[in-house]
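# Commentary on secondary and tertiary structure
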Amino acid sequence: MSDCLRLALVGCGSIAEYHLAGANELAGKVAVTALVDPELERVQSFAERTGGRPYQSLAEAIAAGGFDAVDIMVPHHLHEPLALEAFAAGKHVLLEKPISTSLASCNRILAAAGAAGVVFSVAENGEFWPELVRAKELIDEGVIGEVVTARANFVYGYDPQWFRAENPWRFDSQKTGGGIVVDGSSHWIRPLRNWMGEVEAVTAVIGYPFARMQGESQCQAIFRFESGKTAVFEALNIDGVLGPQDWWRIIGREGEIAIGDGFEGQLRLFDAQSPNGRSVMEASGYNGAFAREIEDFADAVLEGKPLQAGPEQTLAEFKIAQAIYESARTGGWVRPADIA
Ligand SMILES: NC(=O)c1ccc[n+]([C@@H]2O[C@H](COP(=O)([O-])OP(=O)(O)OC[C@H]3O[C@@H](n4cnc5c(N)ncnc54)[C@H](O)[C@@H]3O)[C@@H](O)[C@H]2O)c1
């Protein structure tokens, strides 16, 4: 393998714009050489911008060759067939979250990755989002003292960029595997786990306030960690008007970290020195994660470096999502470890 990863972008939709921007930041280490999407206009637009070759199916792209790895960014119900096709062709795979729509399907993908002996990574930008990484550093440095609790607030208004088609797949619970809990919530749950440790049990309610979305568009949950500490997780997607609200707050015995909402959310630190808060980094936000997550994958392929967080971490978030569903159904505490 050369020192530049030849990458095929499979699915040239909304998130592919962010992955492409990330790949562009890694010029020299990553080259986008192939594009796959059945939508001709989109695949051609990506091909023009990258110089890569356009294909309308992964099978055509594999037959033509010219890439070592695929970055799969398609609706959730297509994760399994496309990932298995890529593994069968011996390609390294970076797959958008969640791994798939059911635990059985996630397990089939993980087994196929193992059998293929290639690098398999699941893109979780919550692992690399600069403000979330900085918050972990501040906690580890003891800046806010012992963490008492945290709040992750995945609340955002309807944003058409994530619902592009006339009948968006995100409104169809068969295609997503549920609703917002199994979809975007992992980006809020990963940092909670990085800050507070493993989730031992959850109790939750879910709701359906966004009429067009078949799956749940609301969730209120309490997470209990192995340490015995608890945190609040809330998710809401609604086609109304919402005011600003922090996406995360972490409360320590000696201070608090707040990360504002939106893609450029600011990190503010409140401590004895600055009880009214101060900024400790330049805002980077959501966009700042994508080059880092692709670089982590590229380093694993090119240099054999271990992934910062393997696919089993995304599987853990999938099990937390299933535990939330089970708790909402039964009304009790559910342990993600018991999800089978
Ligand atoms: N990390 C994040 O913050 C984040 C944000 C949004 C979406 N996502 C994830 O990215 C994935 C895609 O979501 P999106 O919002 O970009 O969806 P999207 O609908 O905007 O894009 C999906 C694209 O896949 C294409 N496609 C469909 N079938 C295909 C096939 N067989 N081969 C190749 N391409 C095919 C579609 O034509 C479309 O262009 C999902 O897994 C989603 O959960 C992650």
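Nothing here was measured: the structure is a model prediction, and the numbers come from that model. (Residues numbered from 1 in each chain as written. Predicted model: local features only at pLDDT ≥ 70, side-chain atom pairs only at ≥ 80, totals over all residues. Heavy atoms only, no water.)

## Quick word on the side chain of Ser 186
Note the threshold: Here a strand is any run of E in DSSP of at least two residues, a helix any run of H or I of at least four, and the numbering for each starts at the N terminus. Only protein chains enter the accessibility calculation, which uses a 1.4 Å probe. A residue is then buried if its area is under 20% of the maximum for its type, exposed if over 50%, and partly exposed in between. Nitrogen and oxygen atoms within 3.5 Å of one another constitute a polar contact, given that in protein one can donate a hydrogen and the other can accept it, and given that sequence-neighbouring residues count only through two side-chain atoms. Whether two residues touch is decided by their heavy atoms; if any such pair falls within 4.5 Å, the residues are in contact.
Along the chain, the position of Ser 186 falls in helix H8 (residues 186–196). Judged by relative accessible area, Ser 186 falls into the buried class, the value being 9%. At 2.8 Å, the side chain of Ser 186 and the side chain of Glu 124 are in polar contact. Apart from the residues lying within four places of it in its own chain, the contact partners of Ser 186 are Lys 97, Glu 124, Pro 191 and Glu 317.

## Digging into the site of the ligand
Our working definition: Residues are classed as near a molecule or strand on a simple rule: at least one heavy atom within 4 Å of it. For the accessible areas, the method is Shrake-Rupley and the probe is 1.4 Å, while residue cover comes only from the protein chains on display. Site definitions follow a grid-based scheme: protein atoms alone, a 1 Å grid, a 1.4 Å probe that fits but cannot get out for cavities, and for pockets an open set with protein on both sides within 12 Å along at least five of seven lines, plus lining residues having an atom within 4 Å of a point. Should more than half of a molecule's atoms lie within 2 Å of a pocket's or cavity's grid points, that molecule is taken to sit in it.
Neighbouring the ligand are 28 residues; Asp 37, His 76, Lys 97, Asn 125 and Tyr 286 lie closest to it. One nitrogen or oxygen atom from the side chain of Glu 96 is found 3.4 Å from a nitrogen atom belonging to the ligand. Here Tyr 286 contributes a side-chain N or O atom positioned 2.5 Å from an oxygen atom of the ligand. Relative to its free-state accessible area of 840 Å², the ligand is covered by the protein chains to the extent of 90%. With respect to the pocket detection grid, the ligand is positioned in the largest pocket. Where the shell around the ligand is concerned, the elements lending two or more residues are helix H1 (14–25) and helix H4 (79–88).

## Brief notes about the domain arrangement of the protein
Where we set the bar: Source of the domain bounds: an automatic or database domain assignment. When two parts are brought into contact, each loses some accessible area as probed by a 1.4 Å sphere; the total of that loss over both is the buried area. Note on definitions: salt bridges are taken to be side-chain nitrogens of Lys or Arg within 4 Å of carboxyl oxygens of Asp or Glu. Residues were grouped as follows: Ala, Val, Leu, Ile, Met, Phe, Trp, Tyr, Cys and Pro as nonpolar; Asp, Glu, Lys and Arg as charged; and all remaining residues, including Gly, as polar.
Each assigned domain of the protein is listed here: domain 1 (5–123) and domain 2 (127–284 + 319–338). Taking only C-alpha atoms, the centre of domain 1 and the centre of domain 2 are 27 Å apart. Contact with domain 1, which involves 13 residues of that partner, is made by 16 residues of domain 2. Each partner contributes to the roughly 1,200 Å² buried at the junction of domain 1 and domain 2, and carbon and sulfur atoms together form 56% of this total. Together, Ser 14, His 76 and Lys 97 form the three largest contributors to the area buried by domain 1 at its contact with domain 2, with a combined 38%. One can count 1 salt bridge joining domain 1 with domain 2. Here Asp 183 and Lys 97 are joined by a salt bridge, their closest N and O atoms 2.8 Å apart. The biggest single contributor to the side of domain 1 that touches domain 2 is H1, with 3 residues. Of the residues contributing to the side of domain 1 that touches domain 2, the split by class is 5 nonpolar, 5 polar and 3 charged.

## Remarks on unusual backbone geometry
Cis geometry marks the peptide bond from Lys 97 to Pro 98; its omega dihedral reads -15°. Tracing the backbone shows Pro 98 in the loop between strand S5 (92–96) and helix H5 (103–116).

## Some thoughts on the packing of H8 against helix H10 (residues 311–330)
Here is the rule: Only the stretch in contact is used when fitting a helix axis, every axis being a line fitted to C-alpha atoms; angles between N-to-C directions are given from 0 to 180 degrees. Roughly parallel means an angle under 35 degrees; roughly antiparallel, over 145; roughly perpendicular, 65 to 115; everything else is oblique. Two helices that cross are described as forming a left-handed crossing if the nearer one is turned anticlockwise from the farther one by less than a right angle, and a right-handed crossing if clockwise.
Relative to each other, H8 and H10 sit at 110°, their axes nearing to 10 Å. Judged on the interaxial angle alone, H10 and H8 are roughly perpendicular. Note on packing geometry: the crossing formed by H8 with H10 is right-handed. Across the interface between the two elements, Ser 186, Ile 189, Arg 190 and Arg 193 from H8 touch Gln 313, Thr 314, Ala 316, Glu 317 and Ile 320 from H10. Counted by class, the contact of H8 with H10 contains 3 nonpolar, 3 polar and 3 charged residues.

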